[in-house]
Amino acid sequence: GEDVEQSLFLSVREGDSSVINCTYTDSSSTYLYWYKQEPGAGLQLLTYIFSNMDMKQDQRLTVLLNKKDKHLSLRIADTQTGDSAIYFCAPQVGSSYKLIFGSGTRLLVRP
Amino acid sequence: GAVVSQHPSWVICKSGTSVKIECRSLDFQATTMFWYRQFPKQSLMLMATSNEGSKATYEQGVEKDKFLINHASLTLSTLTVTSAHPEDSSFYICSARQANEQFFGPGTRLTVL
């Protein structure tokens, strides 16, 4: 079945940029999403990219998509302590509305 | 963004009892809602797709008689964990679809004693 891989942990200093990477196997994913989860809470939709795009920028967030390599990344500029959370990559399964989630990357922002 | 609520936010029950969890889209109508389960420090596992006015579609390995899903209106889906056992203890999260986006509820933590 479909699989999504993410590195488990990332630590950055406040003010630096963070880059969270994700690889996936379903080449037919139409939309690919990034979600943020804080402890004990639900998921917050951060941004998403359509599969025919290479890049999407939304304020401090930049999403890069390499469809050939099935690689998705999320860059957070000027990372703040409030950005500390778990970030999930979630490609859509083909053209269905189902999402497959990666394991999540825990981002720790050090003061 | 759109708002999705869940009720209750946490519940503790005895083994053998049934628990109902509600998922509501507060400011939009959702023909499709999803139910996920999340174990501690793990990812979300899709349990089922809930379609308004029709039967839910369950993922492989999820018992439909154990996890009853009802989507009676465009703003409400319910998940009932029947005859709950300690292994059903988990964080249950729902989401509601609006166009190409899925908005998630805050989750319900179920603890079965």
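Given the structure is predicted, the values throughout are model-derived calculations rather than measurements. (Residues numbered from 1 in each chain as written. Chains lettered and ligands numbered in written order. Predicted model: local features only at pLDDT ≥ 70, side-chain atom pairs only at ≥ 80, totals over all residues. Heavy atoms only, no water.)

Visitor: Explanation requested: the sheet that holds strand β7 (residues 61-66) of chain A in the structure shown.
Guide: Paired through backbone hydrogen bonds, the strands of a sheet run either parallel or antiparallel to each other. All names here are of chain A. Within the open sheet, the five strands sit side by side as β1-β3-β8-β7-β6. Their pairing is antiparallel. Looking at strand neighbours, the two that pair on one side only are β1 (4-6) and β6 (55-58), the edges of this open sheet. For this sheet, the mean angle separating the axes of adjacent strands, direction not counted, is 15°. As paired elements, β7 and strand β8 (residues 71-76) share six bridges and run antiparallel to each other. (Pairing = 2+ DSSP bridges. Helix = DSSP H or I, 4+ residues; strand = E, 2+ residues; numbered from the N terminus. Axes fitted to C-alpha atoms, helices over the stretch in contact; angles between N-to-C directions.)

Visitor: Help me out: how do you make sense of the pattern of salt bridges in this one?
Guide: Opposite charge on two side chains permits them to pair, given that their charged atoms come into close proximity. All names here are of chain A. The tally for this structure, following the rule as stated, stands at six salt bridges over all chains. Residue Asp 83 pairs with Arg 60 through a salt bridge whose shortest N-O separation is 2.9 Å. Placement of Asp 83 in the loop between β8 and β9 (85-91) and of Arg 60 in the loop between β6 and β7 is noted, with a sequence separation of 23 residues between them. Assessed through its relative accessible area of 8%, Asp 83 is described here as buried. Note that Asp 69 and Lys 68 form a salt bridge whose closest N and O atoms lie 3.6 Å from each other. (Salt bridge = Lys/Arg side-chain N within 4 Å of Asp/Glu carboxyl O. Buried < 20%, exposed > 50% of the residue type's maximum accessible area, 1.4 Å probe, protein only.)

Visitor: How should I be thinking about the sheet that holds strand β5 (residues 43-50) of chain A in this particular structure?
Guide: Residues and elements named next belong to chain A. Ordered in space as β2-β10-β9-β4-β5, the five strands form an open sheet in which the pairing is mixed. Only two strands of the sheet have a single partner each, and these edge strands are β2 (9-13) and β5. Averaged over all neighbouring strand pairs, the angle between strand axes comes to 25°, with direction disregarded. For β2 and strand β10 (residues 105-110), the ladder comprises five bridges, and the chain directions are parallel. Each bridged residue has a counterpart across the sheet, and for Leu 10 the counterpart in β10 is Leu 107.

Visitor: Would you take a moment to explain the nonpolar core for this structure?
Guide: Across soluble globular proteins, you tend to see nonpolar side chains buried next to one another. With 44 residues, the main nonpolar core has A:Tyr35 and A:Phe101 as its most contacted residues. The next biggest cluster of nonpolar side chains, apart from the first, holds 20 residues, and it includes A:Val4, A:Val12, A:Val63 and A:Val109. (Core = buried A, V, L, I, M, F, W, Y, C linked by side-chain atoms within 4.5 Å.)

Visitor: I'm lost on the interface of chain A and chain B in this one. Help?
Guide: By convention, interface size is frequently given as the accessible area that disappears when the constituent parts associate. Listed as interface residues are 18 residues of chain A and, on the opposing side, 21 residues of chain B. For the pairing of chain A and chain B, the buried interface totals around 1,500 Å² over both sides, and the portion due to carbon and sulfur atoms is 56%. The tally of links between chain A and chain B comes to one salt bridge. The residue B:Glu59 makes a salt bridge to A:Lys98 at a minimum N-O spacing of 3.0 Å. Where chain A meets chain B, there are nine residue pairs in polar contact (both at pLDDT 80 or more). (Contact = heavy atoms within 4.5 Å. Buried area = accessible area lost by both parts, 1.4 Å probe. Polar contact = N/O pair within 3.5 Å; in protein donor to acceptor, adjacent residues only side chain to side chain.)

Visitor: Before we go on, may I ask you to explain the state of the cysteines in this structure?
Guide: A covalent bond between the sulfur atoms of two cysteines is what we call a disulfide. In the structure shown here, the tally under the stated rule is two disulfides over all chains. Residue pairing for A:Cys22: its cysteine sulfur links by disulfide to A:Cys89, the two sulfurs lying 2.0 Å apart. For the disulfide bridge between A:Cys22 and A:Cys89, the dihedral angle about the S-S bond is near -60°, and by the sign convention the bridge is left-handed. Here A:Cys22, found in strand β3 (residues 18-24), pairs with A:Cys89, found in strand β9; they are 67 residues apart in sequence, far enough to count as distant. Since its relative accessible area comes to 0%, A:Cys89 is described here as buried. In this model, B:Cys23 is linked to B:Cys94 through a disulfide, with the two sulfur atoms separated by 2.0 Å. Residues B:Cys23 and B:Cys94 share a disulfide whose torsion about the S-S bond is about 80°; that sign makes it right-handed. With B:Cys23 in strand β3 (residues 19-25) and B:Cys94 in strand β9 (residues 90-98), this pair connects stretches of sequence that are 71 residues apart. Comparing B:Cys23 with B:Cys94, the two get one shared label, buried. This cysteine, B:Cys13, is not joined by any disulfide, and B:Cys94 carries the nearest cysteine sulfur, 18 Å off. (Disulfide = S-S within 2.5 Å.)

None of the figures reported here should be taken as evidence of function without further support.
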